[in-house]
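Breakdown of the fold
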Amino acid sequence: MPFDFHHADRLKKQIGQLSELRYQPVCSIDSFCAYHDKGENGVRLPDPSEPPFQLNLGDHWKGWDQYLWLCTELDIPEACQGKELVGIFDFGITGAGNNSHFESLIFVNDEPYQGVDSNHQEVFFPPELTKKPLSLRFRLWSGLNGGGPHTVIEHQLRRADIAILDRPTDEFYFMTRNMLETIEELPDNDPTQGFLKNTLLAAFRMVDFSYPRSEDFYASTKRANDYLNQTLQGQDKPNINVSLVGHTHIDVAWLWRYRHTREKCARSFSTVNRLMKQYENYQFLQSQAQVYDFIRQDYPDIYSQIKELVQAGRWEPSGSMWVECDCNLSGGESIVRQILYGKRFFEREFGYENDFLWLPDVFGYSWALPQILKKSGIDTFVTTKISWNDTNKLPYDTFYWRGIDGTEVTTHFITAPERFNSRYYTYNGKTDPYSVKGVWDAYQNKDTNTDLLIAYGYGDGGGGVNRDMLETMRCVAKMPGLPHVRSEHVRDYLKRLNHTMAENPRGGYIPTWDGELYLEFHRGTYTSQAYNKKTNRRMEFAMRNAELLAVLASNQEASTALYPAWKIILRNQFHDVIPGSSIHEVYEDSREEYAQAEQMIKTVNDQSLNGITRPEDGALTVFNTSSWKQSEVITQNGKQVLVQDLPPFTARTIGDEEWSAPDVVALPNQGKVETEFYQILWAENGHLTSIYDRSAGRELLQKGTAGNVFQLFEDKPREFDAWELEASFADKMDCVTDLRDISIEQDAFATTVHFVWKYKNTTITQNMKLYSFSRRIDFQTEIDWQEREKILKVSFPLDIRATSARFDIQFGSIERPITRNTSWEAAKFEVVGHKWADLSESGYGVALLNDCKYGYDVKDSVLRLSLLKASNFPDYDADRGLQTVTYSLFPHEEAWFESDLEREAWTLNNPMLKLPGTWNAPTSFLSFDRDGICVDAVKKAEDSDSIVLRVHECSGKRGQVNGTFNLPYSAWQECDLMERPCGESQTGSLSFTIKPFEIKTFLLHP
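Residues numbered from 1 in each chain as written. Predicted model: local features only at pLDDT ≥ 70, side-chain atom pairs only at ≥ 80, totals over all residues. Heavy atoms only, no water.

Under an unreviewed UniProt entry, the name given to the protein chain is Alpha-mannosidase, and the source organism is Massiliimalia timonensis.

Now for the overall build of the protein chain. From N to C terminus, the protein chain includes 17 helices and 56 strands. For the protein chain, whose C-alpha radius of gyration is 32 Å, the value lies close to the compact-globule estimate of 30 Å for 1006 residues. Seen through its principal axes, the protein chain has C-alpha atoms that stretch 105 × 65 × 65 Å. Within the protein chain, the fraction of its 1006 residues that count as buried is 64%. Residue pairs in contact within the protein chain that sit at least 24 positions apart in sequence constitute 74% of those at least 6 positions apart. Here the protein chain has roughly 35,800 Å² of accessible surface; of this, 47% comes from carbon and sulfur atoms. Of note, the protein chain has its 106 positive side-chain charges centred 2 Å away from the centre of its 143 negative side-chain charges. (Helix = DSSP H or I, 4+ residues; strand = E, 2+ residues; numbered from the N terminus. Rg over C-alpha atoms; globule rule 2.2 N^0.38 Å. Buried < 20%, exposed > 50% of the residue type's maximum accessible area, 1.4 Å probe, protein only. Contact = heavy atoms within 4.5 Å. Areas by Shrake-Rupley, 256 points an atom, 1.4 Å probe, with all protein chains shown as cover. Lys, Arg positive; Asp, Glu negative; His and termini not counted. Charge placed at Lys NZ, Arg CZ, Asp CG, Glu CD.)

One finds Y282, Y365, W401, I680, W682, M768 and L867 to be the most contacted residues of the largest nonpolar core, which totals 230 residues. With eight residues, the top contributor of residues to this core is helix α8 (residues 332-350). Here Y282 is in contact with G246, V272, L275, M276, R314, Y456, V465, L470 and S487, once residues within four sequence places are set aside. (Core = buried A, V, L, I, M, F, W, Y, C linked by side-chain atoms within 4.5 Å.)

The next point concerns the sheet that holds strand β50 (residues 926-928). Whether parallel or antiparallel, the strands of a sheet pair through hydrogen bonds between backbone atoms. A sheet is described by the order of its strands in space; here three strands give the open sequence β50-β53-β55, paired in antiparallel fashion. Of all the strands in the sheet, just β50 and β55 (990-994) have a single pairing partner and so form its edges. Taking each pair of neighbouring strands and ignoring which way they run, the sheet shows an average axis angle of 25°. Two elements, strand β53 (residues 959-965) and β55, share five bridges in a ladder whose sense is antiparallel. (Pairing = 2+ DSSP bridges. Axes fitted to C-alpha atoms, helices over the stretch in contact; angles between N-to-C directions.)

Since one α-helical turn is 3.6 residues long, residues separated by three or four positions face the same way. The buried fraction of helix α6 (residues 289-298) amounts to eight of the 10 residues, a majority that puts the element mostly inside the structure. For α6, the complete set of buried residues consists of A289, Q290, V291, Y292, D293, F294, I295 and D298. Buried residues belonging to α6 abut α5 (258-278), β14 (284-286), α7 (300-311), β15 (315-317), α8 and α14 (558-571).

Before going further, it helps to spend a moment on the packing of α7 against α8. Relative orientation of the contacting elements α7 and α8 amounts to 85°, with a least axis distance of 10 Å. By the angle class used here, α7 and α8 are roughly perpendicular. Taken together, the residues of α8 that come into contact with α7 (itself represented by Y303, I306, K307, V310 and Q311) are F345, E349 and F350. (Parallel < 35°, antiparallel > 145°, perpendicular 65-115°, else oblique.)

Moving on: the sheet that holds strand β48 (residues 913-916). What the three strands build is an open sheet, ordered β27-β24-β48; its pairing is antiparallel. Both edges of this open sheet fall to β27 (650-654) and β48, since each of them pairs with a single strand only. With direction set aside, neighbouring strand axes in the sheet form an average angle of 25°.

What follows deals with the side chain of E418. Structurally, E418 is set in the loop between β19 (408-413) and α10 (433-442). Although E418 is buried, it forms no salt bridge, and the closest oppositely charged side chain is K385 at an N-O distance of 7.4 Å. At 3.2 Å, the side chain of E418 and the side chain of T426 are in polar contact. For E418, the residues in contact, after removing those within four places along its chain, are Y424, Y425, T426 and Y434. (Salt bridge = Lys/Arg side-chain N within 4 Å of Asp/Glu carboxyl O. Polar contact = N/O pair within 3.5 Å; in protein donor to acceptor, adjacent residues only side chain to side chain.)

A separate point is the UniProt feature "domain: Glycoside hydrolase family 38 central" (unreviewed entry) in the protein chain. Annotation from UniProt places "domain: Glycoside hydrolase family 38 central" (unreviewed entry) at residues 520-594. Along residues 520-594 the backbone is 64% helical and 0% strand, and the end-to-end C-alpha distance reaches 31 Å. (UniProt positions renumbered as here; feature names shortened; annotations may be inferred.)

Right, let's get into the pairing of strand β25 (residues 630-636). With six bridges connecting them, β25 and strand β26 (residues 639-646) associate as antiparallel partners. Opposite T635, over in β26, you have Q640 as the bridge partner. Linking β25 back to β26 in an antiparallel pair, the connection comprises two residues, with N637 at a positive phi of about 55°.

The next thing to look at is the environment of L55. Counting through the fold element by element, L55 comes out in strand β3 (residues 53-56). Remark: the alpha-carbon pair of L55 and T964, spanning 909 residues in sequence, is separated by 74 Å. What L55 contacts, discounting residues up to four positions off in sequence, is D30, S31, F32, A34, H60, L68, L70 and L157.

Overall, the coordinates contain 66 aromatic pairs when judged by the stated rule. With a centroid separation of 5.9 Å and an interplanar angle of 45°, the aromatic rings of F89 and F91 are classed as tilted. Assessed through its relative accessible area of 1%, F89 is described here as buried. Arranged with centres 6.2 Å apart and planes meeting at 80°, the rings of F345 and F346 form a pair that is edge-to-face. F346 matches F345 in its accessibility class, with the two residues each being buried. (Phe/Tyr/Trp six-rings, centres within 6.5 Å; stacked < 30°, edge-to-face > 60°.)

Next up on the list: the pairing of strand β52 (residues 947-953). Within β52, seven of the seven residues are buried, which leaves it mostly tucked inside the rest of the structure. With burial as the criterion, each face of β52 is covered, one bearing I947, L949, V951 and E953 and the other bearing V948, R950 and H952. Sheet analysis places strand β51 (residues 933-940) next to β52, joined by seven bridges and oriented antiparallel. Paired with K940 across the two strands is I947, which belongs to β52. Hairpin connection from β51 to β52: six residues lie between these consecutive antiparallel strands. Bridge count between β52 and strand β56 (residues 999-1005): six bridges; the pairing is antiparallel. Bridging from a neighbouring strand, R950 pairs with T1001 of β56.

By the definition in use, this model includes 74 salt bridges. A salt bridge links K307 to E349; the nearest nitrogen and oxygen atoms lie 3.6 Å apart. Of the two residues, K307 is situated in helix α7 and E349 in helix α8; the sequence distance between them amounts to 42 residues. Residue E349 is classed as buried on the basis of its relative accessible area, which comes to 17%.

Another aspect to go through is the state of the cysteines. Applying the stated criterion across every chain yields a total of zero disulfides. Residue C27 stays outside any disulfide, its sulfur separated by 7.7 Å from that of C80, the closest cysteine. For C27, a relative accessible area of 25% translates into the label partly exposed. Here C954 stays unpaired: no disulfide links it, and the sulfur of C934, its closest cysteine neighbor, is 5.7 Å away. With relative accessibility at 3%, the residue C954 sits in the buried group. (Disulfide = S-S within 2.5 Å.)

This is the structure we're talking about:
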């Protein structure tokens, strides 16, 4: 019989009826004793000081970030005692991906039992629990409204039913639903489609709908289910395998705060534990050591169950990082610590060695990453996010990714399609026919590999797998026409994938991607939330300095004391926090956490200084902790001194006779200033019309243009306000021209031009500083920022002929095209740079440095730095208020790698330490015999009293390096980033070869 006589619609309706008929009603809970709750973490009982009140089914409850207890004692009817029962609870609406609105945790007999929300309405009570009355307590959370101004959210207690699940009807419901979905997914010319149509019709002819929920009805659904079990045996499947792993993506903060995440973990993980008791083949992956640390502290009983499941081989604690951090903005050493502390936590707590990086939702991946991974014992990288490109599609889904130093790691994109946009891949997958077929349809390396992966479960805001997904997986395994499926850990899948890549049994093309994995989307995240980005940069350098001082002082307690500070820094590098894409309250919390970390660092530094300085009234010691000579004007008590060319890792105490009072002279404003290095002219609006390099005899700016121009652009993207910067942003530009004040002063070491501009409600105050001892020109800038839906940039149109520019990144630098010849080039209209960006031609270049920014754009040799972005969502008040930044111009006649570019960038970002007292340690303790060796860390080893020394090559030059370390050590040994030895122990001075942009780490043994 033809299937097009509206059979599909009719069967869809009947399948929908089965969704309810599979439950045999037992009773309803009509009312609850309710209590308000303050929302603290780890709470298990209502506060006895809160007065109880009654809530009935049908009642509404509302709030924004409100917690509420619903409590009842459930008397089990005698006929149902000792039987498996299921509760179906509907107390509110949960946003997609658990990203907003209602969630709850049910406690059964005082124990955290599982999460209950719109996606997890079923709660099963096994026979051993139903022999006695049950104590049920639901801790409800209203949720937040998903960003923007606070909005009260209203929910309703719609359902609280207790039932017996008729298993054959339940199985029949899931199988028939998935049969119909498979029919819709298969092409019309596929013979399996016709077979499934006929089988589905035959099955429903067996169902007697005359008296639903009667014995005859359930007998008929059993017969129909038996028929399908006999008929569907997974025949006619293509030779394609899809591994399925349960997963819940939990953003450590995003549209909710850290304290909310702690409760999301309890709900999500208790649900995993509950479902694993019901489904023996359920395998689950959870990444991020941080979320385990939360649950360990708040719910030790849930954590204990997790540990048991890990030991049983059911739960995979993996992913490698402390949090899934942003890889554009986090510093290189921070990414190392993300992996070091993440892997160590998993090994210590679970005995689990992580060997792959799981970063499905991060907004682009630095070219430094492959080397970091390989040297951390990680050989595979998994993501999905690059599929969100708005212009070009990466041509591969499985490939070798070659990093900045030439290191390669296997990289795999999970190609499970999003339902709302099938070109997007998702880490919040399903087990349904659409996903299982779609993951293969989307895959681009079919000639090489027929073995794919889906991570399934509700996520972003947690929630995870529900029973529907597990039952659907059972059905899909038996479904003709769909790929084979299996439940499997990610580690096992990736081992097989790596073997396939190495052996290439199909003889396919094995591609290599050499370069960064740039996400053509979310480019505004390089700039949003300026305070967090600035504080992160400052904290990264502060931690480096603190660890170094602790080693010099033999402060053995420092590493333990600094560990909580590291956890704060790493947590706030989460891929929705440091990018600036979280709600307002997250940044309030972040400020408090950074202040705590700063205090921890200060406490450790004070302890360390007791061992390396001697108190002396008025004495001041300066310490150059950088890898280059540093020069700086030091001020104290109204006096100043120029400390010039202080060697790397050298300290010196400034003598009393060296200080002098500054002789400051006010100069008239004649529209120009002249120093030993430059002549600079400006117009009446304060724009620089000429920057003339006197030693090079050339103009920096293009003819007829102006530099240091503040430009504002309307910033109203199509979607994702805080995340996005549209390619068309330059269509609507306004310049800051209202100069309110200008003054000039000069002393022995610098000439300073002071500008004040107004733009609508915003005030910009700036000191342009030109030095007598450095070619760097600083623009020390304070902005009282009051604009909305604007992005602020500063522009320098340079008279440089170039088709590419170089940008500082983690452990090196990257050259990018600045032309727009192809769509790939045009898509990189805004890119990431850390401390500097450089535009050069043969014989001359100009770098634009900064102390806290990350977004650059270069077109037609106009070099711009993005300063502020004022979006209204998800933070309704992002970046409003006082912001500070120093950016600098550094012209150079040498090639970038032969110039003082790195030296000046480090001096700007990490100037000399100013330490009270006189120095009481080796004056100079570390040096190398060649340039281009940057010291990233000097710290105590994690598991011994050895010292860890980490360096990287930053100039792109290979060669031999000899180093001197003036602290006691008996031997040295190369190790990996996890501090595991990988070379022979040697005595004497450090001596090693290094490749361009290579990271080297050594253990210096006592």
